[in-house]
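# Observations on the model geometry
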2 protein chains.
Amino acid sequence: MGSTPDALPSRRRTDAVRGPLSREAILSTALSQIDANGLDGLSMRKLGAALGVEAMALYHHFPSKGELLGAVMERLLAEVSLPPRGLLPPLERLRCFVRSYRQIAVRHPHAFVLLAVRRFSTVAAFEVYEYVLDALAEAGFDAVQSARLFRLIGYYASGAGLAEIANRAPDPHRPDTFPSLQRFPRVAAAARYLRAGNQDAVFEFGLDVLLDEIRRQARVGKGARNAGPAEL
Amino acid sequence: MGSTPDALPSRRRTDAVRGPLSREAILSTALSQIDANGLDGLSMRKLGAALGVEAMALYHHFPSKGELLGAVMERLLAEVSLPPRGLLPPLERLRCFVRSYRQIAVRHPHAFVLLAVRRFSTVAAFEVYEYVLDALAEAGFDAVQSARLFRLIGYYASGAGLAEIANRAPDPHRPDTFPSLQRFPRVAAAARYLRAGNQDAVFEFGLDVLLDEIRRQARVGKGARNAGPAEL
DNA sequence: ACCTGAACACCGTTCAAGT
DNA sequence: ACCTGAACACCGTTCAAGT
């Protein structure tokens, strides 16, 4: 029972992460735990266990669970792709942003809730805001118009992401007692077009609508005579 | 210490709710607790205490906390106003729906998260779906188009509601370390138009855009010659 | 039928202690 | 500096018991 010379190390880590604990290792394990077991499935104790460490060790790297989840958010945001200015016209850059934002929800349905629900004003978030506002500026909008469209784009992006989650995953907290469609003829008729398989198409349709509208607003702003939608 | 004749009842209820526990009383107390202390602030034990009852008594009315929260969702949904068919043209009915859906977020910012995050297929929800799809049908859309626009409206409604929450309430889990605006000139310029005070105006602007687009789609669907937007 | 009380298996977090 | 172990004040839920 004493110290055996060649004793196996008592810590086992499920990931290929070894050596001293790092913020990086903690965050990626946390994210994969959330992906696997949901937000409620993540506890400091289980996260510690997955890293081969006591729960309290985590507090040496993050002051609280809330702060840790904030860092997970930042990590999610880093997945959004923001193609550089020169590469694409401004409205196409916006399209890329909205698409890849929604992809976060597709890839991390449980974790995406964090982005939707928690307010965030971090450097990573501000970089995204700046990117979007910059594209709007290049499209010819002033600060007021940009702010409005910024919000509109945000609504669409987070609404689309949430719909992605809500429609794919069944609710673990509640058994699905599906109401009979007899009483809801319109819902019955639309049901087959509302299935998860159609989501991508619906999303792209909505995105086109959104961008068309922004294009239209740009034309109005410039005056109808020298409208140049081709450059957007 | 025995039974005194005129002993005050040992239960005290914070609400004006008396008599035997009812689903109604539990739900309204639960909602006001969530409004006051947030979703995480609601526990079965505290809810019981607020009702002057042991936590376990609640399980006689709801099988689990999840089921209780589901019933709270239903209650929130009941707040949405759906003016009857004859009273307003279809697109104006949609406007009412989206507006009042967002008002749930304004009135119950903490509880609204439930609606946004959890999937729900209950009778109350289906009634709302049917209402929206019916308005779209009256506006002349077939099942495919209706399904698309239904989703689009849903994105906008829940995105707008969430933005309402995120921008009003500071995050309790995370101290706000606001990044310096020096590095973000566009954000700095738009900041004053993105304040909470402007939210109503931005929302109405976006809603107009959404409905304009739906009107346009309706015209395209009917063929350009007999377009009658006045009736929408 | 409706509620209680004790118990079980969990939480996040604090704090003193180890190396 | 980095981690442990025990402890505190909570959770949701089960189960047997009370009336």
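About the criteria used
Residues numbered from 1 in each chain as written. Chains lettered and ligands numbered in written order. Predicted model: local features only at pLDDT ≥ 70, side-chain atom pairs only at ≥ 80, totals over all residues. Heavy atoms only, no water. Least-squares fit on C-alpha atoms with pLDDT ≥ 70 in both. Contact = heavy atoms within 4.5 Å. Near = heavy atom within 4 Å. Polar contact = N/O pair within 3.5 Å; in protein donor to acceptor, adjacent residues only side chain to side chain. Helix = DSSP H or I, 4+ residues; strand = E, 2+ residues; numbered from the N terminus. Nonpolar A, V, L, I, M, F, W, Y, C, P; charged D, E, K, R; others polar. Buried < 20%, exposed > 50% of the residue type's maximum accessible area, 1.4 Å probe, protein only. Buried area = accessible area lost by both parts, 1.4 Å probe. Salt bridge = Lys/Arg side-chain N within 4 Å of Asp/Glu carboxyl O. 1 Å grid on protein atoms, 1.4 Å probe; cavity = no way out; pocket = protein on both sides within 12 Å on 5 of 7 lines; lining within 4 Å. Points joined across faces, edges and corners; volume = space filled by probe spheres on them. Phe/Tyr/Trp six-rings, centres within 6.5 Å; stacked < 30°, edge-to-face > 60°. pLDDT = per-residue confidence, 0-100. Core = buried A, V, L, I, M, F, W, Y, C linked by side-chain atoms within 4.5 Å.

To continue, consider the relation of the copies chain B and chain A. In the superposition of chain B on chain A (RMSD 0.0 Å, axial shift 0.0 Å), the rotation amounts to 180°. On the angle and the small slide along the axis, the relation comes out as a two-fold axis. Ranked by how close their C-alpha atoms come to the rotation axis, the residues of chain B are headed by B:Gly159, at 2.1 Å. Here 100% of the contact residues of chain B are again contact residues in chain A; the copies associate through an equivalent surface.

In the vicinity of DNA strand D, 18 residues are found, and the nearest of them are A:Glu54, B:Arg45, B:Lys46, B:Met56 and B:Tyr59. At the protein interface, 53% of the atoms of DNA strand D within 4 Å belong to sugar or phosphate. At a separation of 2.8 Å, a phosphate oxygen of DNA strand D approaches a polar side-chain atom of B:Lys65. For the surface near DNA strand D, the leading source of residues is helix α2 (residues 44–50) of chain B, giving three residues. Tallied by class, residues from the surface near DNA strand D come to eight nonpolar, four polar and six charged.

Residue and element names in this part refer to chain A. With respect to the element layout, arginine 215 can be found in helix α9 (residues 199–222). Look at arginine 215 and you get buried, because its relative accessible area is 16%. Residues arginine 215 and alanine 78, 137 residues apart in the sequence, show an inter-C-alpha distance of 28 Å.

Attention now moves to the interface of chain B and chain A. Between chain B and chain A, the residue contacts involve 67 residues of the former and 67 residues of the latter. Approximately 6500 Å² of surface area, both sides summed, lies buried where chain B meets chain A, with 64% of it carried by carbon and sulfur atoms. Counting across the interface, chain B meets chain A through six salt bridges. For B:Glu127, the salt bridge is made with A:Arg183, and the minimal N-O distance between the two is 2.9 Å.

Not every one of the 18 residues close to DNA strand C is listed here, only the nearest: A:Arg45, A:Lys46, A:Met56, A:Tyr59 and B:Glu54. Counting only atoms of DNA strand C within 4 Å of the protein, the sugar-phosphate share comes to 54%. A:Met44 is positioned with one of its backbone polar atoms (N or O) 3.0 Å from a phosphate oxygen of DNA strand C. The element contributing the most residues to the surface near DNA strand C is helix α2 (residues 44–50) of chain A, with three residues. Considering only residue class, the surface near DNA strand C consists of eight nonpolar, four polar and six charged.

Throughout the structure, instances matching the rule amount to three cavities of 30 Å³ or more. A volume near 150 Å³ is recorded for the largest cavity. What lines the largest cavity is simply A:Leu152, A:Tyr156, A:Gly206, A:Val209, A:Leu210, A:Glu213, B:Leu152, B:Tyr156, B:Gly206, B:Val209, B:Leu210 and B:Glu213. Those elements that place two or more of their residues in the lining of the largest cavity are α7 (143–168) and α9 of chain A together with α7 (143–168) and α9 (199–222) of chain B. For the lining of the largest cavity, the residue count by class is eight nonpolar, two polar and two charged.

Here the focus is the packing of aromatic side chains. A full pass over the atoms with the stated rule returns 14 aromatic pairs over all chains. Taking the centre distance of 5.6 Å and the plane angle of 65° together, the rings of A:Phe126 and B:Phe184 count as edge-to-face. Highlighted residues: A:Phe126 in helix α6 (residues 123–138) and B:Phe184 in the loop between α7 and α8 (185–191), drawn from two different chains. With relative accessibility at 3%, the residue B:Phe184 sits in the buried group. Each ring, one from B:Tyr101 and one from B:Phe112, has its centre 5.6 Å from the other, and the planes form 70°; the classification is edge-to-face. Remark: B:Phe112 occurs in helix α5 (residues 109–117) and B:Tyr101 occurs in helix α4 (residues 90–107); sequence separation between them is 11 residues. One aromatic cluster is present, built from ring pairs that chain together A:Phe126, A:Tyr129, A:Phe150 and B:Phe184.

Attention now goes to the confidence of the model for chain A. In low-pLDDT segments, the atomic positions of the prediction should not be examined closely. All names here are of chain A. For chain A, mean pLDDT is 85; residues scoring 70 or higher make up 82% of the total. Highest mean pLDDT in chain A belongs to α2 (98); lowest belongs to α9 (89). Across residues 224–230 the pLDDT falls below 50, and counting only partners more than four positions away or on other chains, this stretch makes four contacts in the model.

Core analysis: the largest hydrophobic core is formed by 140 residues, its most contacted members being A:Leu136, B:Leu136 and B:Ile214. Discounting chain neighbours no more than four positions away, the residues touching B:Ile214 are B:Leu91, B:Leu94, B:Leu136, B:Phe141, B:Leu149 and B:Ile153.

What follows concerns the side chain of B:Arg102. Residue and element names in this part refer to chain B. Along the polypeptide, arginine 102 turns up in helix α4. Under the relative-accessibility criterion, arginine 102 is labelled buried at 3%. Setting aside residues no more than four positions away along its own chain, arginine 102 makes contact with Ala160, Glu164, Gln199, Asp200 and Phe203.

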